[in-house]
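Tertiary structure, described
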Amino acid sequence: MKEQLIKVKSPANIAFIKYWGQTDSENVLPANDSFSMNLSGCYTELEMELVVDINVKELYIKDYKAEDYKKNEGDALQKVVTFYDRAAEYLQVKTDVGFRVKAANSFPKKAGIASSASFFSALAAAFSTAFEKKLETKQLSVLARLSGSGSASRSVPDGYVFWHRGISSESSFAESIAPPDYWDIVDLVALVTLDEKKVSSVDGHRCAQTSPYFADRQRQLAKRTPLIVNKFRKKDFEGFGTMVEEEAVSLHSIMMTQKPPLYYWSGMTLDVMRETATLRKKGIEAYCTTDAGENVHIITRRIYEEKVKDHFKNMNFVKEILTNYPCEGVRVL
Ligand code: PMV
């Protein structure tokens, strides 16, 4: 192993069909297929310095708008080291390497904007480069999934991405179903809070099946998933957006009824959702979706982008708006 610096950039993604619940937590196999778009404005830039001393395993994170990197120990570092071991096993690497990871986020972490997806997909690409393994996109998505943040698999391919749930580790992978320039969709994240959520999605997935509505959701998804892809293929934005919003509400109905319940939404989340419905009445096509967090992704099209921004600029509960266009997946720079 030679000392070197590996640089990677990877986007977060927003799911139109959500992953919630697993059939195999050890292998991170999801209960259902999911479908997402990579986010151009929300990404992690990661640098991995490989060092000769194999005892060096360090993690530094620069948060959104922070001036400097902060050394992370405890849980955050442990997750990186566990993933390192898993990556070595998956890639059948016997030699150990020392590393210093520095990761900078262009957006707030743990706030419902998939910061673990951008971070772990970047880390997957960095580890495979460190181990001198050239992986195809499909394999790299499998490796990213094994980080524990399953949605990281969807940040690997370009543009609009479908994650096949699979029945084994190798068959659970993500692939691009359309390039970034396929459709002029815009995701405007209405930031109502910068606070970190209290319960991680990893913990949330474990209890999803305790919701009395979980089985029902899986039945609905068997219909909703091909339908939403169909609306996407036809570029029927009204049909697509309506289903995207319906799907987000379905996800949160599971979260709120699982045991213990997870209430990620706040009053401000609902305020943004109501205001978006008001915009629709004025002919502005915009729909909401939310992940495991309070912040809201407003899905719209380029022609409505400025109008949506203008509307929310005047709302005191929206602190900031992050703009995202569909973009490529992870890249080693
Ligand atoms: O990949 P995880 O473990 O961070 O879970 C992601 C869960 C959701 O963001 C709520 C849904 C999704 O598909 O992105």
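Only a predicted model underlies this, so the values are computations on that prediction, with no experimental measurement involved.

The next subject is the overall build of the chain. In terms of helices and strands, the chain carries eight helices and 14 strands. Relative to the 2.2 N^0.38 estimate, which gives 20 Å for 333 residues, the radius of gyration of the chain is 19 Å and therefore close to what a compact globule would have. Projected onto its principal axes, the C-alpha coordinates of the chain cover approximately 60 × 45 × 40 Å. By the burial criterion, 55% of the 333 residues in the chain qualify as buried. Here the contacts in the chain between residues at least 6 apart in sequence split such that 75% fall between residues at least 24 apart. When the accessible surface of the chain is split by element, carbon and sulfur atoms take 50% of a total near 14,600 Å². Charge separation in the chain, taken as the distance between the mean sites of 45 positive and 44 negative side-chain charges, equals 3 Å.

How two aromatic rings sit relative to each other is given by the distance of their centres and the angle of their planes. If you walk through the whole model with that rule in mind, you get 21 aromatic pairs. The interplanar angle of 80° and the centroid separation of 4.9 Å between the aromatic rings of Phe119 and Phe120 together place this pair among those described as edge-to-face. Phe120 matches Phe119 in its accessibility class, with the two residues each being buried. When the centroid spacing of 4.8 Å and the interplanar angle of 40° are considered together, the rings of Tyr182 and Phe232 count as tilted. Of this pair, Tyr182 sits in the loop between strand E9 (174–178) and strand E10 (185–191) while Phe232 sits in helix H5 (residues 214–233); the two residues are 50 residues apart in sequence, bridging distant segments of the chain. Members of the aromatic cluster, joined through ring pairs, are Phe16, Phe35, Tyr160, Tyr182, Trp183, Phe232, Phe237, Phe240 and Tyr287. Above the plane of the ring of Tyr43 lies Lys9, whose end atom (NZ or CZ) is 4.2 Å from the centre. Its end group placed over the ring of Tyr325, Arg302 keeps NZ or CZ at 3.7 Å from the ring centre.

Turning our attention to the site of the ligand. Near the ligand you find 13 residues, and of these Tyr19, Ser151, Arg154, Ser201 and His205 are the closest. Between the ligand and Tyr19 there is a distance of 2.8 Å, counted from an oxygen atom to a backbone nitrogen or oxygen. Between Asp291 and the ligand, the recorded distance is 3.4 Å, taken from a side-chain N or O atom to an oxygen atom. Surface burial for the ligand is 96%, taken as the share of its 390 Å² of free accessible area covered by protein chains. When its residues are assigned to classes, the shell around the ligand shows four nonpolar, six polar and three charged.

Take Lys7: it is sitting in strand E1 (residues 4–17). Residues Lys7 and Lys259, 252 residues apart in the sequence, show an inter-C-alpha distance of 41 Å. Apart from residues no more than four positions distant in its own chain, Lys7 is found in contact with Leu46, Glu47, Arg331, Val332 and Leu333.

It is at 9 Å that the axes of helix H2 (residues 115–130) and helix H3 (residues 137–145) come closest, and there the two elements cross at 115°. The handedness of the crossing between H2 and H3 comes out as right-handed. Residue-level inspection shows Ser121, Ala124, Ala125 and Ser128 of H2 in contact with H3, the latter providing Leu140, Leu143 and Ala144. Among the residues forming the contact of H2 with H3, the class breakdown is five nonpolar, two polar and no charged.

Moving on, we come to H3. Taken residue by residue, H3 has Leu140, Ser141, Val142, Leu143, Ala144 and Arg145 as its buried positions. Check the buried side of H3 and you find it contacts strand E3 (29–30), helix H1 (74–90), H2, strand E8 (160–163) and E9.

Under the definition given, this model contains 22 salt bridges. Note that Lys57 and Asp96 form a salt bridge whose closest N and O atoms lie 3.2 Å from each other. Taken as a pair, Lys57 in strand E5 (residues 57–62) and Asp96 in the loop between H1 and strand E7 (98–105) lie far apart in primary sequence, 39 residues in all. Residue Arg217 pairs with Glu247 through a salt bridge whose shortest N-O separation is 2.9 Å. Remark: Glu247 occurs in helix H6 (residues 237–257) and Arg217 occurs in helix H5; sequence separation between them is 30 residues.

Moving on, we get to the sheet that holds E10. Strands sit in the order E11-E12-E10-E13 across an open sheet of four strands; the sheet is antiparallel. Since the sheet does not close on itself, it has two edges, and those belong to strand E11 (286–289) and strand E13 (320–324), each with one partner. Across the sheet, the axes of successive neighbouring strands diverge by a mean angle of 25°, strand direction being ignored. Taken together, the four bridges between E11 and strand E12 (residues 296–301) define a ladder with antiparallel strand orientation. Its bridge partner lying in E12, Ala286 is registered against Thr300. Contacts from helix H7 (residues 267–281) reach E10, E11 and E12, with the element oriented near 160° to E11. Its contacts with the sheet put helix H8 (residues 305–313) on E10, E11, E12 and E13, and the angle it makes with E12 is roughly 145°.

Procedures and definitions
The numbering scheme is per chain: residues are counted from 1 as the chain's sequence reads. Only residues with pLDDT of at least 70 get local features here, since the model is predicted, and only at 80 or more are side-chain atom pairs given and counted; chain-wide, interface and lining totals rely on the full set of residues. No hydrogens and no water enter the side-chain calculation; it runs on all heavy atoms of the structure. Working definition: helices are DSSP H or I runs of at least four residues, strands are E runs of at least two. Numbering for both runs from the N terminus. C-alpha atoms define the radius of gyration, and 2.2 Å times the number of residues to the power 0.38 defines the globule rule. Three exposure classes are used, based on accessible area relative to the maximum for each residue type with a 1.4 Å probe and protein chains only: buried under 20%, partly exposed in between, and exposed over 50%. We call two residues in contact whenever any of their non-hydrogen atoms come within 4.5 Å of each other. The Shrake-Rupley method, run with a 1.4 Å probe, gives the accessible areas here. Residue values count only the displayed protein chains as cover. In this tally, Lys and Arg are treated as positive and Asp and Glu as negative; His is ignored, and so are the chain termini. Note on charges: their place is set at NZ of Lys, CZ of Arg, CG of Asp or CD of Glu. Only rings of Phe, Tyr and Trp enter the pairing, Trp through its six-membered ring, and a pair is recorded when the two centres are within 6.5 Å. The plane angle decides the type: under 30 degrees is stacked, over 60 is edge-to-face, the rest tilted. Only lysine NZ and arginine CZ atoms are considered, and such an atom sits over a ring when it is within 6 Å of the ring centre and within 35 degrees of the ring normal. Nearness here has a simple test: a residue counts as near a molecule or strand if at least one of its heavy atoms is within 4 Å of that partner. Counting of polar contacts relies on pairs of N or O atoms within 3.5 Å, with two restrictions inside protein: one atom must be capable of donating a hydrogen and the other of accepting it, and residues adjacent in sequence are counted only when both atoms are side-chain atoms. Following the grouping adopted for this structure description, the nonpolar residues are Ala, Val, Leu, Ile, Met, Phe, Trp, Tyr, Cys and Pro, the charged ones are Asp, Glu, Lys and Arg, and the polar ones are all others, Gly among them. Axis definition: a line fitted to C-alpha atoms, limited for helices to the stretch in contact. Angles are taken between N-to-C directions and run from 0 to 180 degrees. Left-handed describes a crossing whose near helix is turned anticlockwise from the far helix by less than a right angle; the clockwise case is right-handed. Salt-bridge detection follows one rule: a side-chain nitrogen of Lys or Arg within 4 Å of a carboxyl oxygen of Asp or Glu. Think of it this way: DSSP has to see at least two bridges between two strands before they count as a pair.

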